[in-house]
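Understanding the architecture of this molecule
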Amino acid sequence: MERVVLVTGASGGVGLALCRRLLEEDGRIHLCVACRNAQKSEATRDLILEAHPAAQVSTVEVDLGSLASVLRAARELRCRFQRLDFVYLNAGIMPNPHVNFKALWKGLLTGKLLHMLTTAEGVMTQTDRLNGDGLQEVFATNLFGHFILIRQLESLLCGNEKPSRLIWTSSSNARESAFSLSDYQHAKGQESYSSSKYATDLTSVVLNRKFNKQGLYSSVVCPGLVMSNMTYRILPVFLWKLLMPIMWLIRFFAKTYTLTPYNGAEAHVWLFKQKPEYLDVLVKYHSCTSGLGKNYVEPRKIDVDEETAEKFYQKLLELEEQALERYGDLLD
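What counts as what
Residues numbered from 1 in each chain as written. Predicted model: local features only at pLDDT ≥ 70, side-chain atom pairs only at ≥ 80, totals over all residues. Heavy atoms only, no water. Buried < 20%, exposed > 50% of the residue type's maximum accessible area, 1.4 Å probe, protein only. Helix = DSSP H or I, 4+ residues; strand = E, 2+ residues; numbered from the N terminus. Pairing = 2+ DSSP bridges. Contact = heavy atoms within 4.5 Å. Polar contact = N/O pair within 3.5 Å; in protein donor to acceptor, adjacent residues only side chain to side chain. Lys, Arg positive; Asp, Glu negative; His and termini not counted. Salt bridge = Lys/Arg side-chain N within 4 Å of Asp/Glu carboxyl O. Patch = residues over 30% accessible without salt bridge, like charges linked within 9 Å, V, L, I, M, F, W, Y side chains within 5 Å. Areas by Shrake-Rupley, 256 points an atom, 1.4 Å probe, with all protein chains shown as cover. Axes fitted to C-alpha atoms, helices over the stretch in contact; angles between N-to-C directions. Core = buried A, V, L, I, M, F, W, Y, C linked by side-chain atoms within 4.5 Å.

**Concerning the pairing of strand β9 (residues 283-289)**
- Most of β9 sits out of view: 7 of its 7 residues are buried.
- Burial of β9 is two-sided: the residues V283, Y285, S287 and T289 facing one way and the residues K284, H286 and C288 facing the other way are all buried.
- Of the pairings in the sheet, the one linking strand β8 (residues 216-222) to β9 comprises 3 bridges and is parallel in character. Within the sheet, the bridge partner assigned to V221 lies in β9 and is Y285.
- Examined bridge by bridge, β9 and strand β10 (residues 295-301) share 7 bridges and lie antiparallel to one another. Along β10, the bridge assignment pairs K284 with R300.

Okay, here's the thing in structure tokens:
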């Protein structure tokens, strides 16, 4: 039987490039693209079928920032499929990003500029807000919506003949300094994106501990710096165009400047071909591109404290219980 692959955030950027590359690797898979609304889902399906007319591509509508939408999508997927082989948890947002040019200048003077440019540490801030469920929007979309989705899909992910895989899109911007257990939704800070990606790393570590024996494995990847709709919101488009020649030069020194969505999906596709039993659960797999344009994957240890990861997971379970009380009509 064909493998079933679900990709969230599939309408553009790394998500769309990933869908195309997965079909290049194995045209027999059943690809289910998950997008925020039906119009985007159908448009994405049409784009994929233009390049792969014989592919099996279905759609599901899910807004990861809305618990009701997540629960409806999970119910639909449980009715449609008997199992899921791969779930790429790729959807994410970074609203209202701002660049701290003063910090960049300081980084230039202190010799830390390259590090800051490759990790956005101390450079990027965001203005977050509450969503309709009373949750911080970035936390809800980037992590909690995905967490609820996979919790609702456990029957399709666990106990199958072959292992099932969760592959989270994390970031090199995932930093412990931006995360706090006492404010895990990051309501009080200005680095909600970094916090949500660090929370992603924590969650993946615990999921492996809880579910590996049931045949479910979790991995995290970093696509590198990719020029996408999310990136273009940081600076005006005309400024990005002026900066692009410089960015191509930087790639000779910063291999995580993958720049294109195709390159950014390298680690995602590499994991598609690996046996999960042999992967290190404490490693993040980074998409890299050499200065001459060669793509490769670099594993790096995740900077997480496993005790903190376990405590955070328990907080997620508590929040899940509270959040689902109001959605009993959407639960089986």
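**Considerations on the environment of Q136**
- Topologically, Q136 is positioned in the loop between β6 (124-125) and α6 (137-152).
- Overall, the relative accessible area of 10% leaves Q136 in the buried class.
- Separated by 120 residues in the primary sequence, Q136 and L16 place their C-alpha atoms 26 Å from one another.
- Setting aside its immediate chain neighbours within four residues, Q136 contacts D128, R129, L130, Q185, H186 and A187.
- A polar contact of 3.3 Å, which involves the side chain of Q136, links it to the side chain of D128.

**Brief notes about the side chain of D128**
- Relative to the helices and strands, D128 resides in the loop between β6 and α6.
- R129 provides the closest opposite charge to the buried, salt-bridge-free D128, at an N-O distance of 6.3 Å.
- In this structure the side chain of D128 is engaged in a polar contact, spanning 3.3 Å, whose partner is the backbone nitrogen of V138.
- Aside from chain neighbours lying at most four places away, what touches D128 is Q136, E137, V138, Q185 and S192.

**Description of a nonpolar patch on the surface**
- A contiguous nonpolar patch, built from L249, F252, F253 and L292 and spanning about 550 Å² of accessible area, is present on the exposed surface.
- When you line up the elements, L292 lands in the loop between β9 and β10.

**Observations concerning the environment of N90**
- Looking at the element boundaries, N90 is found in the loop between β4 (86-89) and β5 (98-99).
- Taking the relative accessible area as the measure of exposure, N90 reaches 11% and is therefore buried.
- With 72 residues separating them in the primary sequence, N90 and K162 have C-alpha atoms 23 Å apart.
- With sequence-adjacent residues up to four places away left out, N90 is seen in contact with T8, G9, V14, G15, H146, T169 and H268.
- At 2.9 Å, the side chain of N90 forms a polar contact with the side chain of T169.

**Structural notes on the sheet that holds strand β3 (residues 56-61)**
- Pairing in this open sheet of 8 strands is mixed, and the strands run β3-β2-β1-β4-β7-β8-β9-β10 from one edge to the other. Two strands close off the open sheet at either side, each with one partner strand: β3 and β10. Neighbour-to-neighbour, the strand axes of this sheet turn through a mean angle of 25°, independent of strand direction.
- Pairing analysis gives 5 bridges linking strand β1 (residues 4-8) to strand β2 (residues 30-35), with the strands arranged parallel. For L6, the partnering residue across the bridge sits in β2 and is C32.

**Some details on the nonpolar core**
- Within the largest apolar cluster, 57 residues are counted, with the highest numbers of intra-cluster contacts made by L6, L84, F144, L153, L166 and F312.
- Looking at which element gives the most residues to this core, the answer is α6, with 8 residues.
- Look past the residues within four positions of F312 in its chain and what remains in contact with it is F139, L143, F179, L181, Y184, A199, L202 and T203.
- Y88, I167, A265 and L271 belong to the second-largest nonpolar core, a separate cluster that totals 31 residues.

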